[in-house]
Every structure is written in structure tokens, then in C-alpha cells.
Amino acid sequence: MLSSAPPASGFLHKPVLSEKRLRSEAVRVTDLSRVLQLLQDPLSVRLSASLKERQIFILKKVVKQCQRGYLLRDLADIFKIMNLCAERVSDHPEYARILCDLLQICGLPFLKEKSSDEMKYASVVTDCVSQMGFLMRIPLPEVRRQICLSVSAFYSRDKHQHSSDGVCSTRADYRALMLERSGVSETLVMSLALTEEQLPVKLCLLQTLQILSRTSEVNCKLMLRAQAAQKICFHMSEGDPSGELLFRSSEILWNLLENGSRQEVTSQLSSSDCIASLKDAFLHLLLKGFRHHERQLRNDLLVLLSLIAENPGAPLIESGFLKHLTPFLTFPELKSHNPLVRNLKLSFNQEDFEMKKLLLNIMVVLSRDLSALQLFREGRVMLALMLLVKPSSSAERSGRHRRRWTSSQQEELQLQALSTLSSLAPLMLEEYMTCQANTCLLLLIDCCLQHDSSSGRGHGLHGSSGRGGRRAQLRYCVRVLRSVTCVEHEPLRQDLCDQGAIGQLLGVLRWFLGRPQDEDAVALEIQTDCLLLLSVLCEGDVHRKELFGRDGVELLIQYLSLDAALVFSGLGHNKLLLSSIDCLWSCVVGCLGAEDVFVERRGVDLMLQLLQRSPRHMLSPLVSTLLELCENPQAVTHLLHWSGERDTSASQLLLHIWRREETTAVSRDPHGMITDVKRPIVSRHQESSSSSSSSPDVSAAVREVSENLRANIYCIFCKLGFEDLSGLSAEDHITLSIIHRYLDFKVGEVVHEVLSELLDEGVSPVVSDEAALKSVLQVTEATAESVRLLQQSILGRQQQEELQEEQLLYKEILFTQKQREIAAEAWRSYVARTSNYSVLKEFKRLQEEQSTSEAYAPSDTETPEPPNTLSDQ
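K.L.:
Explain the side chain of Arg-544 residue by residue, including any values.
P.N.:
Structurally, the position occupied by Arg-544 is in helix 31 (residues 542-560). Residue classification places Arg-544 among the buried residues on the basis of a relative accessible area of 4%. Residue contacts for Arg-544: discarding those within four places in its chain leaves Glu-490, Arg-493, Gln-494, Cys-497, Ile-502, Leu-537 and Cys-538.

Set out below in C-alpha cells:
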């Protein structure tokens, strides 16, 4: 057969050579194209023993020559050789060893002869690495393992020595980039299905995927495109005595979460099969895992389940996961006969502590599903939380069982239980009331105030800004009370008031006011929540406002004395100030005794000072509260006599706020006068919203009343009066004339809207109604015209007064100038007399002549002595 071979082959046309000559010829073989020619020869389809031996020998020589790595320019030929070997593996197993050796060299850095080779052969490298992934189709375990090892080696940071012949290794980042571009990570994920019966290969493949997903976002994206999370999770709980399968799978899922799309990962894991697999793995580790790394892996799986629970479409309840999890949520606080927890024992080490915190966290996530609340009720989750909040009660209920959490761990669990309670309690009010949670929380608040300096370290995330005291517990207690009182549940509010919550909350505020040196963001948050609690409890109930009483008013006065500049401090003073105003509205306004105390303590003056200094977004609650206080005659008196910065009166301040409201909204002339008598107070925003509004039930004219402060300012002036307001300028009088007719103008607006809507709908009113509507519009227009005439007269008087003042000032200037000229002339005369003797003699002569003429004057005639200007001067 060899003698009949065509001469096209460089090797096969020769007769059979001796072994010695064959080796010498192989040493000279450095041209890979000749190797390819040998492997691709038509006669190679039916290999004889001698030809197969010769090919294997040549391939071994190629492997030996490439021990340091493949040149970039040889990669294409090398992978052609690999593919040819792969085709013959099934029939000739001898090629498997050669293929593994060639693949092993792929794990070494590729070699470049020039610096430009990396860019020049980039596409070739990408294609070759991609082909390496497709070789996973070969069913031999050793080949698949070698592929995984070689791919993993692409991320190796081992430094290889440069050769002396000028050939050097490619950069590590270049190899990683080529691997990402090749898409081999996606191919490896899809090849997971080929390794079902080969556990060692699967473990090696998972290790490779773990390396690929550890630092590369591109690889994670490609893996997720191949449904990596779902495929890996589905098989993670399969039988593996070593536990490596579960460990590798968990690590890959974490890498995908950290470096890939979290939403995509949770979406893939939200299938029933994946949740069942995670549940089985978690329960297995919880009940039978006692080693340190098993507990850590158990906690990692619980975090994954928590992330899946955040997906609203995850079938956690349908899969039975929550039903199996509920007994563990209340362990060890409550005893249970459930077989899952009957023999469960915790070591109370750090891993068990972390698991307990994760279980508390997953409660909050699962509470978003109303179906989960029923399971929480059946599992007595609320009682377990209250026992964590009050550890002593747990010890009493448990009898012989005594907790073994450390004091710092117990405190952190208490804080997290309070945080969990703030989310669950509003959804489980009946269970909350049954457990007498209000009593427990109020007792804990009292304990925090009494023993702040002696206990509590503020451990963990929930203990921020609580070190050295128990402010962290106080913070979360108040937060829980705030969350439940904001729900419309009157029995719960009444229970709080019956237990003295109002006085206790006032005590908390008094406690913080006595420690100004400890003021920080947490302290301000607690005070803000306390004020909000008081507002909710006292709103609409006069008896509770009386309980708030003088002590509460005194505290409010201190909070309203806050410097308005602190609003921009960033610590939360703005929220504190708004809560104080809201508390004033709910706890003081409407109770005559509290109002009198507030006015007596000059609270109205403080409100006006805040109104003068506060930013725009805080004016609305201030003006609204001030309007309610104007129902008290004493408050009106204080308003009329108040004088602020630069002797500004309350009426001037309100007029200034009105003008600021109209600056960008209403069309006015430079003097603030009405320009459109048909629509004197309509804002531009109101016109645009009325034209674009598609709902006929929404009136732009009525809605505008609640969107700005003009209606409230008008009502305040109705209490103060529109006349005899001292200190107003002409500009103020012009603005006041508009405010005086605000209600008339507003009625005209509403009528105009009614007519416009009827016209848009094609409806014609009856004659009498049409006449009445048009009459109202005419009256409104006439009123606006009269107001404009009044404004013009005010402006004319102002201009006349300014002219008179200007003339008077001009006369004063003339008189001053004349006096300066007389003084200058007198000075010049004095200088001349003292510096020139002839001028002095002439002046003396004139004085003597004047004296002589006065001596000869008739004695019986009284003539006034003429003024001697020069001598006077």
C-alpha cells in the first residue's frame, strides 16, 4: 500500500525507513504544514499500523518541540491538528493521549516573536480558543478534564521566563481578553449536560466556570446567556459525598450575582425546580452539616433564597419552601414539636448567629407577600419576635432552656428583631396587640433612658451611632411605634395613650434636649419620630391634647427656637422642624388651654421669625398653622404688634410672601398692578393645566387654592383686617388691594371655568343661568377695574409724595450749597485781611466811617443796626 501512494505526500512516497532514520527525519520536521499534510493524506482514512505509528511519532515530536508554548503564528495549524486527532479518537484511542498533551500546552502562555503579533493574530487566537471549547464533545473524561484545566490556566498569573531566542510570552490580560472574546465560557456551560455521568469531570468543569466567573463580567454575561444559574442550581443538590459539587455551584452563583446581572440571576433561579433544589440543599446542611465550611455554605444558600424572595414572581410558597422554613424562624425562641426542629441543636457560634440574622431578614422580604403572613400567624412569628425584643421573657417561657448568645450577639438580635417588627407589625396588628407589644416597647424605652450610660454597645448594622449607650434600641422602639400608629387602628392608639405613651414620649424629647452635645443624625431622627408619634396620637382628640399640655408646649417652644440656618445642615434639622410644626398643628391648635400657653410663651413670634427666615418649601405648613392660630384673639394681637428684622411687621411679611408667590406665576406690571382685568389672579400654570386637563371633575381654579399660599394669606388678613395696618408702603397697599378682593376674583375664575366647560361640551345654559353667569363675570371685571383704578391712585399719590420729597431735598441741597459759598467768601476775606496790610487799612477805614455815621444819627429815631457782614464773617 505504501508503494502505491501518490507522490503528493512529502512523507508517504518514500519506502519504509528504519527506526533510526525515521527519528533523524522527525528531528528535522519543524514545518507544521507537512504534519498536516501527513494527517490529511487520503490514505490516512484507513491507517495501517506503520502509518499510524509514524503519525503518532511525528505528533509526539511536535508536542516535544512545543513544550514552551505555541507560537501565535502556529496556532491555526496546531488546532487543525487537534481537530484531526479528535476525529480519530473514537476509532484509535492512541490519539487521545496526543490530544491531551496538545491541550495541556494550550494552558501555557502563547508565544510571540514581535510585539505586534498580539494584535495581528487576535482573531486567530479567539477562534482557536473557541474551538477548544467545542472539543468538549469528545466523550473521553481525560480530554474533557484537560480542556477544563487548560481554560483555567488562561487566568494563571504565573510568570514565565523569557527565552534567549527573542520569543516571549503574551501578556496575562491579553490571554484573558481573548478568552472572553472567544465565548468559551458559554460553550462550557452548555457542555454541562454532557457530564451527567462523569462526576469528576463535572467537578472539574464547575471549578473552571468558577474561575471564569470570578473576575470577568463578560464571562458572567455569556454564562447567563446560556442559562448558567438555572442549570447549575438544578443539579447542585445531586449526590456527591465530598460536598464539592454543592460548594462549587454555590460559588459560581455568587460570582454571577456579583459580576453579572443580579436581576437575570434571580429570574433564572425563580423556577420551582431551582427553589426546590436550593431548599433541599439548605435543609440538608442545616440538619446534617456540623463542620465550619458547611455552616458557611448553609448561610450562603439562605442569602440566595433571600434574594430570590425579592422577586415577586418566585414560587416560594407554592414550592413549600416557606412552610418548611417557618419552624426555623422561631427557633430557639419557641419550642416546637415539628420533626424538622425537634432534634435541631444550635452551637450558638458565629455561623449560627449569622443564620439567625438572615432568618430575621428573610421575614421582612417574605412579608411583602400577603400569603406568607398567614403562615407567619400559624407559626407564631410575632411572639418569637417579641421574645427576642424582651429576652427575659424568653427565659421565663423556656423553663430550663437558657440562651447562650453572647451579650453583644443578643443585643444585635434584639435590634434586628425591632427592625423586623417595624415591617411586620403594621401587617399583623391583631397578633401585635395580643402579644402586648405596646407595653413591651414602652418598658424598653424607659429602660433605655434609665440605663443609657451603663449598657448597650450598638453592635452591628442596626447599632450605628449607638455605641456607648442604648440609643440604637431607643431608635428602633420609636420606629416600631411610629409604624403601627400610622395605621388607622384606633384601639391600638388608645392602648398607647392609656399606658402613658404621650408623657413618655415627652420625656424622651426632654431627655434629648438636655443633651445638646450628643446631637447627631440618629438623635434628630428619634426626636422627629417622637414628634410625629405625638401628632398622630393627639390629632382630633381634645383630651389627648390636654394630656400634651403645658409641658408639651414648653418643649415645642424650644424646638421652634431652632435656627433656620440649620435646615441646610444635612443632619435632619429640616425634618425635625417640620415635625415640630406638624406637632403644633395636631397637639396645640384646637385646644384653648394649650393655645393660650403657646401664645403666652411668645410662640406666635417664633412662628413669624421662622416664616421670615425659612426656605420656600417650609412656608406652607408655617402659614397654614399660623392661620389656625388666628382663631385665637390673643394670637391676632401678637400678630399685629410683632416686629421682626428691619422692623418688618407681620402684614409686610405676608405681603412679601404673596408677591413672591406671584413673581413667576401671575402677570403683573413692574409696579405689581393688575394687567388683565378679566382674569386678575389666574396663574400661567393654572391656564396650562386647565387647557390640558382631561378630567372634568378637576377644577384648576379650586385646585390652585391648595397649591400655593395665597388663599391662606387672604384668610389671615381677614383676621387682621385690611385697614389701619401700619408701616405699609405704596407697593404693599397695591398688593393689599388685590388680596382684599381675592375671594371675588376666585368666584369669577370658577364661573369662567364653568362657562368654558359648557362651551367645550356643546351645552348651552338656560337664559336665566346664562344671564346670572355673565352678570358674575361682569361684576368681577368691574371689581378688577376698580381695584386697578385704586392701584393707580395709590401709585399716583406715591409719585406725588416722591416728587415733593425730591423738591424738599433739592431745596435743602441749594441751601447747603449757598451756606458753603458764604463760608468760602468769608474765609477768603479773612485771609486777605491777615495777609495784605493795605486791605486791612481799608477795612479799618470803613469801620471808622461807619462808626462816625452812626454817631451823628438822630437819637430819637430807633433804627436797627445794619449787619456788618465782614466783621461777622
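K.L.:
So, the packing of aromatic side chains: which residues are in play, and what are the values?
P.N.:
Within the structure shown, the criterion is met by 9 aromatic pairs. With 4.7 Å between their ring centres and 75° between their planes, Phe-348 and Trp-405 make a pair best called edge-to-face. Note that Phe-348 is positioned in the loop between helix 19 (339-342) and helix 20 (350-366) and Trp-405 in the loop between helix 23 (391-398) and helix 24 (407-424), a separation of 57 residues in sequence. Judged by its relative accessible area of 10%, Phe-348 falls in the buried class. Positioned above the aromatic ring of Trp-658 is the side chain of Arg-710, whose terminal nitrogen or guanidinium carbon lies 5.8 Å from the ring centre.

K.L.:
Which residues make up a nonpolar patch on the surface, and what values go with them?
P.N.:
A contiguous nonpolar patch, built from Val-702, Val-750 and Val-754 and spanning about 200 Å² of accessible area, is present on the exposed surface. Examined against the element boundaries, Val-702 turns out to sit in helix 39 (residues 700-707).

K.L.:
Summarise unusual backbone geometry; cite the residues concerned and give the values.
P.N.:
Between Phe-331 and Pro-332 the backbone carries a cis peptide bond, its omega angle lying at 5°. Along the chain, Pro-332 turns up in the loop between helix 18 (321-329) and helix 19. Backbone geometry places Arg-380, a non-glycine residue, at a positive phi of 55°. Along the chain, Arg-380 turns up in the loop between helix 21 (370-378) and helix 22 (381-389).

K.L.:
How would you summarise the state of the cysteines if you had to cite specific residues and measurements?
P.N.:
Such a bond, covalent and formed between the sulfur atoms of two cysteines, is termed a disulfide. On inspection of all chains with the given rule, the structure shows 0 disulfides. Left without a disulfide partner, Cys-715 is nearest to the cysteine sulfur of Cys-718, which lies 5.8 Å away.

K.L.:
Break down helix 20 for me, citing the residues and quoting the values.
P.N.:
A rise of 1.5 Å per residue sets the reference length of helix 20, with its 17 residues, at 24 Å; its end C-alpha atoms lie 24 Å apart and thus fit the reference within 8%. The buried fraction of helix 20 is high, at 13 of 17 residues.

K.L.:
I'd like to hear about the environment of Ala-501, residue by residue, with values.
P.N.:
Within the secondary structure, Ala-501 is located in helix 29 (residues 501-513). Accessibility expressed as a relative area gives 2% for Ala-501, which makes it buried. It is 9.5 Å that separates the C-alpha atoms of Ala-501 and Thr-439, two residues lying 62 residues apart in sequence. With near-sequence residues (within four places) excluded, Ala-501 lies in contact with Leu-442 and Leu-496.

K.L.:
Provide a residue-level description of the pattern of salt bridges, including the pertinent values.
P.N.:
Tallied over the entire structure, the rule returns 43 salt bridges. Residues Arg-73 and Asp-74 are paired through a salt bridge, measuring 3.5 Å at the closest nitrogen-oxygen approach. A relative accessible area of 44% means that Arg-73 is categorised as partly exposed. Glu-825 is the partner of Arg-828 in a salt bridge, and the nearest nitrogen-oxygen pair spans 2.4 Å. With Arg-828 and Glu-825 both in helix 43 (residues 767-835), this residue pair falls 3 residues apart, about one helical turn. Residue Arg-828 is classed as partly exposed on the basis of its relative accessible area of 48%.

What counts, and where the lines are drawn
- Residues numbered from 1 in each chain as written.
- Predicted model: local features only at pLDDT ≥ 70, side-chain atom pairs only at ≥ 80, totals over all residues.
- Heavy atoms only, no water.
- Helix = DSSP H or I, 4+ residues; strand = E, 2+ residues; numbered from the N terminus.
- Buried < 20%, exposed > 50% of the residue type's maximum accessible area, 1.4 Å probe, protein only.
- Contact = heavy atoms within 4.5 Å.
- Phe/Tyr/Trp six-rings, centres within 6.5 Å; stacked < 30°, edge-to-face > 60°.
- Lys NZ or Arg CZ within 6 Å of the ring centre and 35° of its normal.
- Patch = residues over 30% accessible without salt bridge, like charges linked within 9 Å, V, L, I, M, F, W, Y side chains within 5 Å.
- Areas by Shrake-Rupley, 256 points an atom, 1.4 Å probe, with all protein chains shown as cover.
- Salt bridge = Lys/Arg side-chain N within 4 Å of Asp/Glu carboxyl O.
- Disulfide = S-S within 2.5 Å.
- Expected span 1.5 Å × (residues − 1).

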